[in-house]
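Coordinates in review
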Amino acid sequence: MTDVTGAPADVLHTLFHSDQGGHEQVVLCQDPASGLKAVIALHSTALGPGLGGTRFYPYANEAEAVADALNLARGMSYKNAMAGLDHGGGKAVIIGDPERIKSEELLLAYGRFVASLGGRYVTACDVGTYVADMDVVARECRWTTGRSPENGGAGDSSVLTAFGVYQGMRASAQHLWGDPSLRGRRVGIAGVGKVGHHLVEHLMAEGAEVYVTDVREDAVRRVTERHASVTAVADTDALIRVEGLDIYAPCALGGALNDYSVPVLTARVVCGAANNQLAHPGVEKDLADRGILYAPDYVVNAGGVIQVADELHGFDFDRCKAKAAKIYDTTLAIFARAKTDGIPPAAAADRIAEQRMAEARAARGW
């Protein structure tokens, strides 16, 4: 069924009527000459301009792309609020296979659309887009972060994303076992690409026992050739069943925690870099019922957005790393709030983020 606009009714219902909606603005972009089809979603600008990456992905259809943009933008509002940034939540998706259709012309066209929003949305990298792409987008749009150092940017944001997840793991260990050390802890990482392979470095340096898997054999090989003691397993299904696993780190696409994976998960802690790890509402309670501590994804993976936000003020890596290190304290505060309120950590994080956004709206008289 479609609405009078021709858009699928379920998408419009999500935007205007559901708890997952509440977005301020959604922009559909098209440039036939370059083949660009994109969606830019702004969830909230209460704290400042919406900040979030650009995902380039071969969605099955346009409705799926819009739904993903809505979910990702909403997540960025909460992430930026919990990271203490003066930014709201925004996200963009470009529809198509980046290996086939990505071109300079397409990226320039996309940059013009972002620029047309006049600074309400600040873009950066995400799945399918890279630093070199942001350099191209920036030629048409000054509200572009995640650029190369040669072009005034901070470079690869996955470095601090991994550092923040590592701090979340340390906080989880402190909360659960009374010691932040990960030495001897058995950690399984699903996805050792952009972020995951940096996370491996932190864990190996501390003496953790690391297991990895990835759909790309070359990604696994890069890790195991560098660290002979890292154990590669066949797939994520095997990883979540590893005996004696202490921490599970989903570092690929979302939906990793679902009705299938949670009942068989052996880990005591889930703390990873992937966005939208909870497949649907209620999964956080399933984790809590099994005694599994969940470090909310948008809290622990905020190192990257902290880094790209700093570009707007003249990038300083040490300053960013110091901010990302505070993810440790933020995560502990969430666990404490969850215990006090008698709710799962994901719900506690949402409450804290929503309170900050509500206070910002009140201060602006919205």
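Our subject is the structure listed above.
Structural notes, computed from the coordinates.

Conventions adopted
- Numbers given for residues are sequential positions, taken from 1 along each chain in its written order.
- Only residues with pLDDT of at least 70 are given local features in this predicted model, and only at 80 or more are side-chain atom pairs given and counted; all residues enter the totals for whole chains, interfaces and linings.
- Think of the side-chain values as coming from all heavy atoms in the structure, minus any hydrogens and water.
- Burial classes: relative accessible area under 20% of the type maximum marks a residue as buried, over 50% as exposed, and values in between as partly exposed (1.4 Å probe, protein chains only).
- The helix count covers DSSP runs of H or I at least four residues long, the strand count covers runs of E at least two residues long, and both are numbered beginning at the N terminus.
- DSSP-based pairing: two strands are paired if at least 2 bridges between them are found.
- Each axis is a line fitted through C-alpha atoms, and for a helix only the stretch in contact is used; angles between axes span 0 to 180 degrees, taken between their N-to-C directions.
- Oblique is the label for any angle not covered by the other classes, which are roughly parallel (under 35 degrees), roughly antiparallel (over 145) and roughly perpendicular (65 to 115).
- Each crossing gets its handedness from the near helix: less than a right angle anticlockwise from the far helix is left-handed, clockwise is right-handed.
- Contact criterion: two residues are considered in contact whenever any of their non-hydrogen atoms come within 4.5 Å of each other.
- By convention, a crossover is right-handed whenever its connection, traced from the first strand over the helix to the second and viewed with the strands pointing away, goes clockwise.

1. So, the pairing of strand S8 (residues 209-213)
Judged by how many residues are buried, S8 sits mostly within the fold: four of five residues are covered. Across five bridges, strand S7 (residues 186-190) lies against S8 in parallel orientation. Counted as the bridge partner of Arg186 is Glu209 from S8. In the sheet, S8 pairs with strand S9 (residues 231-232) via two bridges, with the strands oriented parallel. Within S9, the position partnered with Val212 by the bridge is Ala232.

2. Quick look at unusual backbone geometry
Positive phi, close to 50°, is recorded for Asn276, a residue that is not glycine. Here Asn276 shows up in the loop between strand S11 (269-270) and helix H11 (283-289). Judged by relative accessible area, Asn276 falls into the partly exposed class, the value being 32%.

3. Observations regarding the packing of helix H6 (residues 158-177) against helix H15 (residues 327-341)
Running from N to C, H6 and H15 cross one another at 40°; their axes reach a closest spacing of 8 Å. Judged by the inter-axis angle, H6 sits oblique to H15. The hand of the H6/H15 crossing is right-handed. Contact with H6, carried on its side by Gly164, Gln167, Gly168, Arg170, Ala171, Ser172, Gln174 and His175, involves Ile327, Tyr328, Thr331, Leu332 and Phe335 of H15 and no other residues of that element.

4. What to know about the pairing of strand S4 (residues 54-57)
Bridge count for S4 against strand S5 (residues 88-95) is four bridges, and the pairing is parallel. Opposite Arg55, over in S5, you have Val93 as the bridge partner. You can see the chain leave S4, run along helix H2 (residues 62-82) and come back into S5, and the turn it takes is right-handed.

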